[in-house]
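# Structural characterization, general
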Amino acid sequence: MVTTFRLGLAVIVVGLSLATLDARQTPAGRQSSAVAAAPEVFCNTMQAGTLCPTGTVGILKLSGPKVQQWMDAVNKYNGAVESATKQLKAEAKSVLTPAQIAELDRWMATGINPEVNRILASRNPIAR
């Protein structure tokens, strides 16, 4: 359970770090071009840090039995992220103030994944 918690926390910290770093380095004019081109690595409609099973299949160009194996692994990972987030929020109630909990909720919100996807698209290591 501690490992799941640490994994989820690490994913969230990395995602937020990437978003912060990209915000500092990206000129305002370049951001709009990345918005349309950003493939869904992290699900735009799910909580922060959850991978998009079908989007990543296409990006990684998987086929055959590897598709289902990958999707099973991603679903397991997403479950671990969700579980770790719930655990963090439960433990935070005894440590943080209501304002701090609201900030934590903002970090975990659904809307952060599109930002991370734009960062990844701007640093495209895999030719599509």
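Our focus in this paragraph is the pattern of salt bridges. In the structure shown here, the tally under the stated rule is three salt bridges. When the shortest N-O distance is used, the salt bridge between D105 and K89 registers 3.4 Å. One end of the pair, D105, is in helix α5 (residues 98–107); the other, K89, is in helix α4 (residues 65–92), with 16 residues separating them in the sequence. As a salt-bridge pair, E115 and R118 come within 2.3 Å of each other at their nearest N and O atoms. On the criterion of helical spacing, the pair formed by E115 and R118 is a turn pair, its members being three residues apart in helix α6 (residues 112–122). A relative accessible area of 37% places E115 in the partly exposed class.

This part covers the confidence of the model for the chain. Counting all residues, the mean pLDDT for the chain is 79, and 67% of those residues have values of 70 or more. Across the chain, α4 holds the top mean pLDDT of 95, while helix α2 (residues 28–37) sits lowest at 48. Counted against residues more than four places away or in other chains, residues 31–35, with its pLDDT under 50, gives four contacts.

With eight residues, the main nonpolar core is built from V41, F42, L51, I59, V74, Y77, V81 and V116. No other element matches the three residues that α4 contributes to this core. Residues contacting V41, with those up to four places away along its chain left out, are T50, L51, C52, T56, I59, N117 and L120.

About the criteria used
- Residues numbered from 1 in each chain as written.
- Predicted model: local features only at pLDDT ≥ 70, side-chain atom pairs only at ≥ 80, totals over all residues.
- Heavy atoms only, no water.
- Salt bridge = Lys/Arg side-chain N within 4 Å of Asp/Glu carboxyl O.
- Helix = DSSP H or I, 4+ residues; strand = E, 2+ residues; numbered from the N terminus.
- Buried < 20%, exposed > 50% of the residue type's maximum accessible area, 1.4 Å probe, protein only.
- pLDDT = per-residue confidence, 0-100.
- Contact = heavy atoms within 4.5 Å.
- Core = buried A, V, L, I, M, F, W, Y, C linked by side-chain atoms within 4.5 Å.

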